[in-house]
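# Commentary on secondary and tertiary structure
Now for the letters of each chain:
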Protein chains: 2
Amino acid sequence: MEEMKIVQLDVQDVRFPTSLKSDGSDAMHTDPDYSCAYVTIKTNKNVSGYGMTFTLGRGTEIVVLACKTMSKMIVGLKPQDIFNDFASFWRKLTSESQLRWIGPEKGVTHLATAAIINALWDLWARIEEKPLWKLLVDLSPEQLVSAIDFRYITDVVTKQEALELLRSQQSAKATREAALLQKGYPAYTTQVGWLGYSDVKVRELCAKYLDLGFTAFKAKVGQDLKDDTRRCGLIREAIGYDKTLMVDANQIWEVEEAVDWMKQLAKFQPLWIEEPTSPDDVLGHARIAKELRPLGIGVATGEMCANRVIFKQMLQAGALDYCQIDSARIGGVNEILAVYLMAKKLNVPVCPHAGGVGLCEMVQHLQMWDFVSLTGTTEKRLIEYVDQQHEHFEDPAVVQKAHYMPPSKPGYSTKFKDESLRDYVYPAGREWQRMFKEGVFPAPTD
Amino acid sequence: MEEMKIVQLDVQDVRFPTSLKSDGSDAMHTDPDYSCAYVTIKTNKNVSGYGMTFTLGRGTEIVVLACKTMSKMIVGLKPQDIFNDFASFWRKLTSESQLRWIGPEKGVTHLATAAIINALWDLWARIEEKPLWKLLVDLSPEQLVSAIDFRYITDVVTKQEALELLRSQQSAKATREAALLQKGYPAYTTQVGWLGYSDVKVRELCAKYLDLGFTAFKAKVGQDLKDDTRRCGLIREAIGYDKTLMVDANQIWEVEEAVDWMKQLAKFQPLWIEEPTSPDDVLGHARIAKELRPLGIGVATGEMCANRVIFKQMLQAGALDYCQIDSARIGGVNEILAVYLMAKKLNVPVCPHAGGVGLCEMVQHLQMWDFVSLTGTTEKRLIEYVDQQHEHFEDPAVVQKAHYMPPSKPGYSTKFKDESLRDYVYPAGREWQRMFKEGVFPAPTD
């Protein structure tokens, strides 16, 4: 029988007009159109892989072009050869001798890496006919570490240490998997606190999510202290002080400003301040964490951490109380596994960033693997949940009683419905053409 | 009279086939084709600005597309409005609410920012009919700091502190400028030590550059310890121990590996080890610097530092003995000025990275400004010099007796000759078409 080969890599620019309703608005991103670069890896067999990286609208075309440039390193390969030595393939993709200059391992090319690598994991899970979390759980410790490039992180975790961490958990996996299938994984909601929402809408949403069983709520802050005070008060009034509140500044502050501002909001007892300053500022986050810990406020960041090297330092420096991996910014599942291993080694809980297009769908798999195969606990751990764009996926995230329920279908839950692609591919999709025609959005020039 | 307006932004993919001769080869970049994204900003008057960001070949098309996307924020503006509040324009360009997600301030979009911002400074200098270094020197401290976005760096230097630093140097500027015009600025050469060169070629080049008056030489290391030992020995034999040797690993090592490897090379008394590990690893560089300082070896890095926030931390952490700004990676002149100010504040000498397409042409202006307006010294300071691609520029860098001589023509020295564009625009240029036809390089697909 002919061996399976990758025969084509397609990439599409898919955008949803979320700016119309201020969904997703924060201090730095005032009018996002939640979007993605969407990769389809086709084989000569009856199976394809679907992967994506999340974007905010403008600029998605640049990530799409990067995926096209990188596709030349993939088409023609046998998927099994990739999966047998995934770390080497990952290194090859991220260290291409000319292309790495325009990264390296950050920005547009690393987002493109994420989309492609995520599509390969989806393909692998579909071939194995397992949801990704189960594929990961069923890999032996040796197979799992063979997917990870340990370059630049051996001062925190070596391949051998990673193996030992994973082996030590093997015997507990079956019990944990059973518990996971029964209870799911706890979630928190960000839906109540986007900056652009009115007070009435915030109150309605608090009531709605309390009814749905949520006990942890996140609000955006950072544009105006008086407004933050009012909004945090509003949410605390609605949810009470027995529930959990987190706040998120989306990088708006200077280091000292973050400390001062959060001292003013400490009375609302937030569990964490998320992204207080530049995502690149390890030492800045460490200083903020040191100042705020005595007030009971932790520091969380990660959705814009460029790669495992920045995560490594955040963890080394004590800059993070909650490590927020993102499934679409760093270079796909392989690199995220490295971050989970470093977080385990340095004893920092991972609370994934989600909410963007496909992020909830993806991170649930990773966090469920973490529970079953690595940490065995959900203590101090929650997955972000935002109720947007799930309707476009064939296998959307399912949250019941504020818990993500383990996906059962094969893959990484990242395949779009055909009609969503028909409507929202940019700019040719049916909905975009309608909106251009009706003047809701200007049609793109050249 | 009609005011000056920007009417067009063109961007070209320009590539030189340097991989044919191993020029520029190092441990991580084995076959670079020195290239650039080349921006031309046209006005309604008889003056244009030319700017670039350096690349290594494949992927330049992605940076070109990013420039095109960003051009929509520039066309139609009045240059004078930009220059009057340059920091605000810079912030607008780097913080565009949708586009920043695919950076922020790193990778492809920040390279594109550099190309565009550099073209604007070239335009400004041409309008003022001054070489860029002289434009910078002649700006008042108030004008100069008005070009800098201090976001995320106020914990090291505030706008007020920057003003004071600059004001304190005002009275010494005239004397320093006269000295600069007479003596130029000291250079070192990297031409002797590319990894792909034979021993015979290395010996010949050492002799040649000694004859030209050079006293400082840099060699690439990191692929093989035995080979490095042989090559460093070869160069020391040729130049003697009274001259300066630097070595450059181009990010090849793990943190501990860098320490161990350099202990083996310490006998060759290198002034610095450049890029020992990941360019993102502030804490790793700090650890390497701490281990190597007692051996008399300094740590240098910067050509791949993503932005001022990474530089800030490198300086804060004592990770750098030599700060290597790059004129084409971080967001153009404005952001580089911020790095110079932080380096001055924290007392670290700046030794610019150069050698790529246009880098020598650009960094000379910046370092000359530093000498005249900020630090007043060339002690522990050198500009890298590589004798490649200068022939393509209308106003090429001039190095005499191992000193960069101050440019006298208006602009940032970044305008290509027409015939170079005709020959090396990729893939349509005459030379590329010839090479495709003769099978020297494969023609690009799609």
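None of the values given here were measured: they were computed from a predicted structure.

### Concerning the UniProt feature "domain: Mandelate racemase/muconate lactonizing enzyme C-terminal" (unreviewed entry) in chain A
As recorded in UniProt, the feature "domain: Mandelate racemase/muconate lactonizing enzyme C-terminal" (unreviewed entry) lies at residues 199–295 of chain A. With 52% helix and 13% strand, residues 199–295 of chain A has its two end C-alpha atoms placed 28 Å apart.

### What about empty space enclosed by the protein?
Evaluated as defined, the whole model comprises nine cavities of 30 Å³ or more. Considered as a void within the structure, the largest cavity measures approximately 140 Å³ in volume. Lining the largest cavity are 21 residues, with Tyr34, Trp194, Lys220, Glu303 and His353 of chain B positioned closest to its centre. Classifying every residue of the lining of the largest cavity by side-chain character gives eight nonpolar, six polar and seven charged. Here the lining of the largest cavity spans two domains, since at least three of its residues come from each of domain 1 (6–131 + 418–438) and domain 2 (166–405) of chain B. Estimated volume of the second largest cavity: approximately 120 Å³. If you go around the second largest cavity, you meet 18 residues; those closest to its centre are Tyr34, Trp194, Lys220, Glu303 and His353 of chain A. For the lining of the second largest cavity, the two domains that each supply at least three residues are domain 1 (6–131 + 418–438) and domain 2 (166–405) of chain A.

### Thoughts on helix α8 (residues 173–183) of chain A
Residue and element names in this part refer to chain A. Within α8, burial applies to Lys173, Arg176, Glu177 and Leu180. Down the axis of α8, the sector holding all buried residues measures 100°, keeping them to one side. In α8, those exposed residues whose orientation departs by more than 90 degrees from the buried face are Ala174, Thr175, Gln182 and Lys183. Downstream of α8 by a residue or two, Gly184 has a phi angle that is positive, lying close to 75°.

### Some words on the sheet that holds strand β2 (residues 35–43) of chain A
All names here are of chain A. What the three strands build is an open sheet, ordered β1-β2-β3; its pairing is antiparallel. In this open sheet, the two edge strands, each paired with only one partner strand, are β1 (6–15) and β3 (48–55). Pairwise comparison of adjacent strand axes, ignoring direction, gives a mean angle of 15° for this sheet. Judged from the eight bridges that link them, β2 and β3 form a sheet pairing that is antiparallel. Its bridge partner being in β3, Lys42 is matched across the sheet by Ser48. Along the sheet face, helix α4 (residues 107–127) touches β1, β2 and β3 and points at about 150° away from the line of β3.

Each value, and the rule that gives it
Residues numbered from 1 in each chain as written. Chains lettered and ligands numbered in written order. Predicted model: local features only at pLDDT ≥ 70, side-chain atom pairs only at ≥ 80, totals over all residues. Heavy atoms only, no water. UniProt positions renumbered as here; feature names shortened; annotations may be inferred. Helix = DSSP H or I, 4+ residues; strand = E, 2+ residues; numbered from the N terminus. 1 Å grid on protein atoms, 1.4 Å probe; cavity = no way out; pocket = protein on both sides within 12 Å on 5 of 7 lines; lining within 4 Å. Points joined across faces, edges and corners; volume = space filled by probe spheres on them. Nonpolar A, V, L, I, M, F, W, Y, C, P; charged D, E, K, R; others polar. Domains from an automatic or database assignment. Buried < 20%, exposed > 50% of the residue type's maximum accessible area, 1.4 Å probe, protein only. Arc of directions from axis to C-beta. Pairing = 2+ DSSP bridges. Axes fitted to C-alpha atoms, helices over the stretch in contact; angles between N-to-C directions. Contact = heavy atoms within 4.5 Å.

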